[in-house]
Amino acid sequence: MLTIGAFAKACRLSPKALRLYDELELLKPSRVDPDTGYRYYAVAQLEQARLVAWLRRLGMPLARIREVCGLRPPDAAVEIRAYWAQVEAETAARRDLAEFLVGQLLTEPRKDTTMLELRYAAHSDRGRVRPANQDTAYAGTRLLAVADGYGPAGAPVSGAAVEALRFLDTDEHLPAGNVLNLLEEAVRGATEAVRDAANDAGAGSAQDAGTTLTALLWTGSRLALVHIGDSRAYLLRDGALFRITDDHTVVQSMIDEGRLTPEEATTHPQRMLLLKSLSPTTPATPDLRLQDAAPGDRYLLCSDGLSRVVPDADIRRLLNSTPAPDTAVHALIAAANEAGGPDNVSCVVADVVEGAA
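Here the structure is a predicted model, which is why all the values come from computation and not from measurement. (Residues numbered from 1 in each chain as written. Predicted model: local features only at pLDDT ≥ 70, side-chain atom pairs only at ≥ 80, totals over all residues. Heavy atoms only, no water.)

Enquirer: Describe the nonpolar core, naming the residues involved and giving the relevant values.
Expert: Grouped together as the largest cluster of nonpolar side chains are 27 residues, with contacts concentrated most on V157, L165, L213, L217 and L278. Those elements giving two or more residues to this core turn out to be β6 (143–150), α6 (154–163), α7 (179–200), β8 (213–218) and β9 (222–228). Looking at this core, the element that brings in the most residues is α7, giving eight residues. Core analysis: the second largest hydrophobic core is formed by 23 residues, C11, L46, A49 and A53 among them. (Core = buried A, V, L, I, M, F, W, Y, C linked by side-chain atoms within 4.5 Å. Buried < 20%, exposed > 50% of the residue type's maximum accessible area, 1.4 Å probe, protein only. Helix = DSSP H or I, 4+ residues; strand = E, 2+ residues; numbered from the N terminus.)

Here's what the structure looks like:
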């Protein structure tokens, strides 16, 4: 028998990792001293421990490692090969995103006189589980927005946030130079509207209510993005799908820090916990950026009722296969409901097209 320290050195797993794998029933010790609780391992367990260590170095999630370790070697080899194919596909998607971002940073702003405009559609659906719809979706000539409310006043709060931005849709002379300042000021107004809506909803609502907000403001040649929370904005360009927002969630921060893989995040108990939102009680700074537009671009704004249950690959396929924005919106919502519809789902799809001079 080997002590936990000797076993850790032999298999190149730390004692801390071995204790975790014991708790997860991934790698149980051969014997535990009933008096001291000290763990002892059999030499025969080294092969499995080394396999676990190698799979962790590959980045495989613990839940999947447990499945692999329970398979016969030929079947385990097939599963590892399938996992690595998935990693390569995800890496290719990240490579495409990196190339897109580099192109964005190196591309000079458009100087031609081509008139561009938006063709758009928006729809919000209760889903198949929630008793009420707390989402708000809006699409207009200049403004696209999705808000996902939460708490007892979630519906009026999300509606108030979007309503506070709607004056931007009628402004025919948006200053392209300081449009981000204009949008930031509008979000401050939306925060006040959220506070008022929560207070009007009754006692206690202001403490527990809030909303995400993801919006795009069209200037005629560019889009100004404002984002807070875990609703999302995507860009479909030349058939490739890029997410242009970051989720303000606990699990996303853990992914960014390397403490969690995207696969592990899908089942994490805190996956719906927001770090930032439009809240009556906790001020937060939204993300703001400008996005150059090109003819043929397609933008999607959606609440997490879509992104949590429909994989990005399916979102890309549906956006590519449905020419009209209205058809695309309803196809995406139908896909979320077919996946169980556990939450309200809202989508806005807008195409950048050449307009009449």
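Enquirer: Hey, could you go over the sheet that holds strand β3 (residues 39–41) for me, with residue numbers and the actual values?
Expert: Pairing is antiparallel across the open sheet formed by three strands, whose spatial order is β1-β3-β2. Unpaired on one side and paired on the other, β1 (2–3) and β2 (31–32) mark the two borders of the sheet. Relative to β3, β1 runs antiparallel, the two sharing two bridges. Bridge pairing in β3 links L2 to Y41. (Pairing = 2+ DSSP bridges.)

Enquirer: Outline α7, supporting the account with residue identities and numerical values.
Expert: Over its 22 residues, α7 extends 31 Å from the first C-alpha to the last, a length consistent with the 32 Å expected when each residue adds 1.5 Å. All of the buried residues along α7 are V179, L183, A186, V187, A190, T191, V194, A197 and A198. Down the axis of α7, the smallest arc covering the buried residues is 160 degrees, so these residues share one side. Every exposed residue of α7 that faces more than 90 degrees away from the buried side is listed here: N181 and D200. (Expected span 1.5 Å × (residues − 1). Arc of directions from axis to C-beta.)

Enquirer: Kindly report on helix α3 (residues 46–57), identifying the contributing residues and their values.
Expert: With twelve residues, α3 should cover 16 Å at 1.5 Å per step; its first-to-last C-alpha distance of 16 Å lies within 8% of that length. All of the buried residues along α3 are L46, A49, V52, A53 and L55. Looking at the residues trailing α3, positive phi occurs at G59, about 90 degrees.

Enquirer: Help me get a handle on the packing of helix α1 (residues 4–11) against α3, residues and values and all.
Expert: The contact between α1 and α3 brings their axes to 9 Å, and the two run at 60 degrees. Put simply, α1 runs oblique to α3. α1 and α3 meet at a crossing whose hand is right-handed. Between α1 and α3, the residues in contact are F7, A10 and C11 and L46, A49, R50 and A53, respectively. (Axes fitted to C-alpha atoms, helices over the stretch in contact; angles between N-to-C directions. Parallel < 35°, antiparallel > 145°, perpendicular 65-115°, else oblique. Left-handed = near helix turned anticlockwise from the far one by under 90°. Contact = heavy atoms within 4.5 Å.)

Enquirer: So what's going on with the packing of aromatic side chains? Residues and values would help.
Expert: Counted according to the given criterion, the structure contains two aromatic pairs. Centroid distance F7 to Y41: 4.3 Å. Interplanar angle 10 degrees. Geometry classified as stacked. Linking F7 in helix α1 with Y41 in strand β3, this pair joins segments that are 34 residues apart in sequence. Side by side, F7 and Y41 carry an identical accessibility label, which is buried. Sitting over the face of the ring of Y40, R31 holds its NZ or CZ atom 4.7 Å from the ring centroid. (Phe/Tyr/Trp six-rings, centres within 6.5 Å; stacked < 30°, edge-to-face > 60°. Lys NZ or Arg CZ within 6 Å of the ring centre and 35° of its normal.)

Enquirer: Give a description of the environment of T141 that names residues and reports values.
Expert: Locating T141 in the fold gives a position in the loop between β5 (135–139) and β6. Sequence spacing of T141 and E117 is 24 residues, and the spatial spacing of their C-alpha atoms is 8.0 Å. With sequence-adjacent residues up to four places away left out, T141 is seen in contact with L118, Y120, D169 and W218.

Enquirer: An account of a nonpolar patch on the surface is needed here, citing residue identities and associated values.
Expert: The grouping of V102, L105 and L106 at the surface amounts to a nonpolar patch, some 360 Å² of accessible area in total. In this fold, V102 is placed in helix α5 (residues 73–106). (Patch = residues over 30% accessible without salt bridge, like charges linked within 9 Å, V, L, I, M, F, W, Y side chains within 5 Å. Areas by Shrake-Rupley, 256 points an atom, 1.4 Å probe, with all protein chains shown as cover. Salt bridge = Lys/Arg side-chain N within 4 Å of Asp/Glu carboxyl O.)

Enquirer: Residue-level account of the environment of N133, with values.
Expert: Its location among the elements puts N133 in the loop between β4 (116–125) and β5. Note: C-alpha distance between N133 and Q291 (158 residues apart in sequence) is 30 Å. Within the local environment of N133, its side chain forms a polar contact with the side chain of S124, the two groups lying 2.9 Å apart. A distance of 2.9 Å separates a polar atom in the side chain of N133 from the backbone nitrogen of D135. (Polar contact = N/O pair within 3.5 Å; in protein donor to acceptor, adjacent residues only side chain to side chain.)

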